[in-house]
Amino acid sequence: MILLKKLLNGLNRIVEYAVSLLLIVMVVVVFLQVIFRFVLHSSLPWSEELSRYILVWISFLGASIGVKRGAHIGVEVVVNMLPPKMKKGVAFLATLCAAVFFALMVIYGRRILFIVSGQRSPAMEISMGIPYSAIFVSGVLMFIYSIEQALSIVVGRRDEAI
Amino acid sequence: MTTVLFASLILFFVINVPIAIAIGLASVAAILFSGAIPPIVIVQKMFTAADSFPLMAVPFFILAGSLMEFGGISRRLVEFANSIVGRFSGGLAFVAIIASMFFGAISGAAVATVAAIGTILIPAMVRRGYDKPFATAVQATAGTLGVMIPPSIPMIIYGVLTGVSIGALFMGGILPGILVGCSLMFVAWLISRKKGYHGDEKPTLGRIWQTFKQAILALMMPVIILGGIYGGVFTPTEAAVVAVVYGFIVGFFIYKELHLSQLKNILVTTVMGTSMIMFIIATSSVFSWILTAEQVPQAVAEVILSISKNPVVILTLINILLLFLGTFMETVAAIIILVPVLLPVITQIGVDPLHFGIVLVVNLAIGMVTPPLGVCLFIGCSIADIKLEDITRAVWPFILIMVVDVLLLTYLPWISTVLPKLTGLY
């Protein structure tokens with residue numbers, strides 16, 4: 001369990017560096033677009049498309065960091081009124097629900113790749129599989145993280161019983 | 001199908017499944033239940049929702065705000081505001097509100113504004129003998145100015161959904177933002193006078209000039225953003241990226257308070273803030289697509305129009321509905337789900353969608369400070385280290401005046417539309 005946690009923390013750190021880098025690239029690309037239009041009076045054909053696809057990747061990868069850190073906001077009022085034991089059960093249930101959604105992202109995120117991989121993007125002419133795979137990859141990450149969370153809720157309960 | 005959609009949404013909300021995921025799961029449940037729609041649509045809609053150039057303004061404005069905050073901008077804005085209004089009764093409360101207006105002109109989010117200005121001002125107010133709940137309530141409500149004064153993330157989302165020009169929405173938010181800011185100051189002044197919170201002594205003109213010079217680079221940022229959009233030079237997304245580069249240069253090379261070691265943290269928090277919003281946008285777009293496919297907007301329009309065809313009555317009803325939902329729902333999710341449902345009614349009764357957008361944003365902003373679920377209250381309370389129950393009583397006067405503001409904005413559309421029309425953006 002501790003080894004798993006360490007492994008996943010390492011994985012998350014890599015993702016954090018990746019999104020930081022992607023964000024810098026997105027800033028640079030859109031800023032270049034502005035510079036090219038005003039200073040050089042010519043427009044870059046690929047800048048808008050590239051930055052949009054980076055935004056897709058940032059959005060979904062970033063969501064996985066949110067899952068890892070437990071940062072996604074929920075409605076806590078009702079749960080907070082429950083007795084502690086039930087609270088844990090409900091937390092476990094909610095984590096499983098989230099895992100189901102992530103699993104669907106993985107399944108259908110993979111299936112859609114078969115459809116879109118053959119298509120080329122209009123400007124850069126890259127495979128549409130590249131931007132679309134953001135959902136599949138992030139789905140996998142979030143699924144793993146949520147399973148880890150579900151496990152730690154169960155383990156936590158056992159610790160309390162002892 | 002709609003019943004499954006809403007019933008499962010409420011169920012997932014109640015057991016505290018994160019909002020974005022709850023909305024996604026409810027959509028999945030409805031799609032599986034109907035059996036008529038291939039579930040692959042979910043992934044496809046999520047992708048198309050995130051694949052948007054205008055939405056890129058969201059991470060850029062978050063990043064620009066964050067760079068300015070760590071770069072020592074918020075402190076300078078606070079000092080400048082203090083030199084102007086610090087002398088009045090409840091002066092520091094005024095400073096919190098004015099500084100939040102300045103910061104709102106850099107940042108597009110309410111939470112960021114509460115955090116940036118509140119970390120300085122809530123402790124300052126407490127040191128000066130203001131009671132904690134009052135100080136926190138002032139700062140939390142002042143933070144909502146962050147979404148009214150341009151740039152504004154909710155306005156960007158509204159613009160993307162409805163096709164109303166984001167530049168026009170930004171321009172339209174200025175006067176309402178000032179109106180709300182002034183009305184908050186009025187309430188703060190009344191309470192401060194009663195409680196005997198005195199101001200500082202009158203600063204010299206030299207002092208005002210000095211703090212102004214210190215803050216000028218920060219105050220220039222909104223001029224660049226709005227001026228660029230207004231002059232037709234930039235799209236809002238491009239203006240946002242220019243703001244990022246500007247904030248970076250000011251923080252690193254001019255104020256020299258930013259350090260490379262902070263950069264990774266700033267980038268990661270920006271990405272997390274962005275993806276929190278984008279993930280909600282992605283799953284809500286599936287949800288709202290189902291609503292549209294099921295012709296819920298038409299049904300809702302029919303029900304509302306059967307009650308009354310009078311725009312004043314309908315707008316009042318919609319405002320009540322928004323106030324109620326805003327209390328429980330996250331702002332972005334509320335906009336994405338409600339706007340497509342309400343827009344047909346709005347246009348049928350002849351209300352300007354630009355005007356409605358502003359009313360919607362200000363109305364939902366009230367939800368950010370309404371207990372028990374107000375994001376701004378949470379941030380404020382965690383800075384002040386008090387419990388939500390303690391602040392509830394202190395925040396009501398401010399909520400009431402904001403409701404009055406929303407009514408004013410609803411029935412006096414020109415407050416929202418005069419500037420966009422004058423500047424030719426609308």
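From a predicted model like this one, the values you see are computed outputs, not experimental measurements.

A. Main features of the overall build of chain B. What chain B contains, in helices and strands, is 21 helices and zero strands. Computed over its C-alpha atoms, the radius of gyration of chain B comes to 21 Å, within 12% of the 22 Å expected for a compact globule of 426 residues. Summarising its shape, the C-alpha atoms of chain B cover approximately 70 × 45 × 45 Å along the three principal directions. Looking at chain B as a whole, 61% of its 426 residues qualify as buried. Long-range pairs, those at least 24 residues apart, make up 79% of the contacts in chain B between residues at least 6 apart in sequence. Of the roughly 15200 Å² of accessible surface on chain B, 69% is carried by carbon and sulfur atoms.

B. Structural context of the packing of helix α1 (residues 2–14) of chain B against helix α2 (residues 19–34) of chain B. All names here are of chain B. Packing of α1 against α2 leaves a shortest axis separation of 8 Å and a crossing angle of 145°. Of the two possible hands of crossing, α1 and α2 adopt the one that is right-handed. Across the interface between the two elements, Val4, Leu5, Ser8, Leu9, Phe12 and Phe13 of α1 pack against Ile19, Ala22, Ile23, Leu25, Ala26, Ser27, Ala29, Ala30 and Phe33 of α2. Of the residues assigned to the contact of α1 with α2, the class counts are 13 nonpolar, two polar and no charged.

C. Region of the structure containing the pattern of salt bridges. Residues and elements named next belong to chain A. Under the criterion given, the structure shown has 11 salt bridges over all chains. In this structure, glutamate 148 and lysine 5 form a salt bridge, with 3.8 Å as the shortest nitrogen-oxygen distance. Here the residue glutamate 148 occupies a position in helix α5 (residues 129–161), and lysine 5 occupies one in helix α1 (residues 2–38), the gap between them amounting to 143 residues. When the shortest N-O distance is used, the salt bridge between glutamate 48 and arginine 52 registers 3.4 Å. Of this pair, glutamate 48 and arginine 52 both sit in helix α2 (residues 47–68), four residues apart, which is roughly one turn of that helix. Residue glutamate 48 is classed as partly exposed on the basis of its relative accessible area, which comes to 36%. Since its relative accessible area comes to 16%, arginine 52 is described here as buried.

D. Main features of helix α4 (residues 57–70) of chain B. With 14 residues, α4 of chain B should cover 20 Å at 1.5 Å per step; its first-to-last C-alpha distance of 20 Å lies within 8% of that length. Downstream of α4 of chain B by a residue or two, glycine 72 of chain B has a phi angle that is positive, lying close to 90°.

E. Main features of the packing of aromatic side chains. Summed over the entire model, instances satisfying the criterion amount to 19 aromatic pairs over all chains. Judged by centre distance (6.2 Å) and plane angle (85°), the rings of phenylalanine 60 of chain A and phenylalanine 279 of chain B are edge-to-face. Taken together, the residues span two chains, with phenylalanine 60 of chain A in helix α2 and phenylalanine 279 of chain B in helix α14 (residues 260–293). Accessibility assignment for this pair places phenylalanine 60 of chain A and phenylalanine 279 of chain B in one class, buried. Seen in terms of ring centroids, phenylalanine 88 of chain B and phenylalanine 94 of chain B are 6.0 Å apart; in terms of plane orientation they differ by 40°. Their pairing is tilted. According to the relative accessible area criterion, phenylalanine 88 of chain B is partly exposed, its value standing at 38%. On the basis of relative accessible area, phenylalanine 94 of chain B is assigned to the buried category, the value being 9%. Every member of this aromatic cluster is reached through a ring pair, and the members are Phe80, Phe102, Trp209 and Phe212 of chain B.

F. Unusual backbone geometry, seen in detail. A cis amide bond links proline 150 of chain B with the next residue in sequence, proline 151 of chain B, at an omega value of -5°. For proline 151 of chain B, the position within the fold is in the loop between α9 (145–148) and α10 (153–162). We note that glutamate 125 of chain A has phi near 55°; this positive angle belongs to a residue other than glycine. Tracing the backbone through its elements, the reader meets glutamate 125 of chain A in the loop between α4 (84–116) and α5.

G. Looking closely at a nonpolar patch on the surface. Residues Met1, Leu4, Phe143, Ile144, Ile147, Leu151 and Val155 of chain A make up a contiguous nonpolar surface patch of about 500 Å² in total accessible area. The leading source of residues in the nonpolar patch is α5 of chain A, at five residues.

H. Spotlight on the interface of chain A and chain B. Of the residues lining the interface, 57 residues belong to chain A; the matching set on chain B comes to 49 residues. Between chain A and chain B the total buried area reaches about 5000 Å² when both faces are included, carbon and sulfur atoms providing 83% of it. A per-residue breakdown of the area chain A buries against chain B is headed by Ile73, Val75 and Phe101 of chain A, which together make up 13% of the total. Across the pair lysine 264 of chain B and glutamate 16 of chain A runs a salt bridge, and its minimum N-O distance is 3.1 Å. Applying the counting rule to chain A against chain B returns seven residue pairs in polar contact (both at pLDDT 80 or more).

I. A look at the nonpolar core. Core analysis: the biggest nonpolar cluster contains 220 residues, and Phe60 of chain A together with Met46 and Phe279 of chain B have the highest contact counts within it. Broken down by element, this core gets its largest block of residues, 16 residues, from α14 of chain B. Discounting residues that sit within four places of it in the chain, phenylalanine 60 of chain A has contacts with Met105, Ala134, Ile135, Ser138 and Met142 of chain A together with Met46, Ala50, Phe279 and Ala282 of chain B.

J. Broad picture of the state of the cysteines. Residues and elements named next belong to chain B. This model, assessed by the stated rule, comprises zero disulfides over all chains. Of all cysteine sulfurs in the structure, the one in cysteine 381 sits closest to cysteine 376, which takes part in no disulfide; the separation is 11 Å. For cysteine 376, a relative accessible area of 0% gives the class buried.

K. Region of interest: the environment of alanine 137 of chain B. Residue and element names in this part refer to chain B. Structurally, the position occupied by alanine 137 is in helix α8 (residues 132–143). Sequence-wise, alanine 137 and lysine 213 are 76 residues apart; in three dimensions their C-alpha atoms are separated by 30 Å. Not counting residues within four places of it along the chain, the set of residues in contact with alanine 137 comprises Ile391, Ala394, Val395 and Phe398.

L. Spatial organisation of the confidence of the model for chain A. Taken as a whole, chain A shows an average pLDDT of 90; of its residues, 96% reach a score of 70 or greater. Across residues 158–162 of chain A the pLDDT falls below 50, and counting only partners more than four positions away or on other chains, this stretch makes one contact in the model.

M. Region of interest: α1 of chain B. Compared with an ideal rise of 1.5 Å per residue, which puts 13 residues at 18 Å, α1 of chain B spans 18 Å between its outermost C-alpha atoms and is within 8% of the ideal. Residues of α1 of chain B that are buried include every one of Leu5, Ser8, Leu9, Phe12 and Phe13 of chain B, and no others. Down the axis of α1 of chain B, the buried side of the element spans an arc of 140°, and every buried residue falls inside it. Turned more than 90 degrees away from the buried face of α1 of chain B, the exposed residues are Thr3, Ile10 and Leu11 of chain B. Tucked inside the fold, the buried residues of α1 of chain B contact α4 of chain A together with α2 and α14 of chain B.

About the criteria used
- Residues numbered from 1 in each chain as written.
- Chains lettered and ligands numbered in written order.
- Predicted model: local features only at pLDDT ≥ 70, side-chain atom pairs only at ≥ 80, totals over all residues.
- Heavy atoms only, no water.
- Helix = DSSP H or I, 4+ residues; strand = E, 2+ residues; numbered from the N terminus.
- Rg over C-alpha atoms; globule rule 2.2 N^0.38 Å.
- Buried < 20%, exposed > 50% of the residue type's maximum accessible area, 1.4 Å probe, protein only.
- Contact = heavy atoms within 4.5 Å.
- Areas by Shrake-Rupley, 256 points an atom, 1.4 Å probe, with all protein chains shown as cover.
- Axes fitted to C-alpha atoms, helices over the stretch in contact; angles between N-to-C directions.
- Left-handed = near helix turned anticlockwise from the far one by under 90°.
- Nonpolar A, V, L, I, M, F, W, Y, C, P; charged D, E, K, R; others polar.
- Salt bridge = Lys/Arg side-chain N within 4 Å of Asp/Glu carboxyl O.
- Expected span 1.5 Å × (residues − 1).
- Phe/Tyr/Trp six-rings, centres within 6.5 Å; stacked < 30°, edge-to-face > 60°.
- Patch = residues over 30% accessible without salt bridge, like charges linked within 9 Å, V, L, I, M, F, W, Y side chains within 5 Å.
- Buried area = accessible area lost by both parts, 1.4 Å probe.
- Polar contact = N/O pair within 3.5 Å; in protein donor to acceptor, adjacent residues only side chain to side chain.
- Core = buried A, V, L, I, M, F, W, Y, C linked by side-chain atoms within 4.5 Å.
- Disulfide = S-S within 2.5 Å.
- pLDDT = per-residue confidence, 0-100.
- Arc of directions from axis to C-beta.

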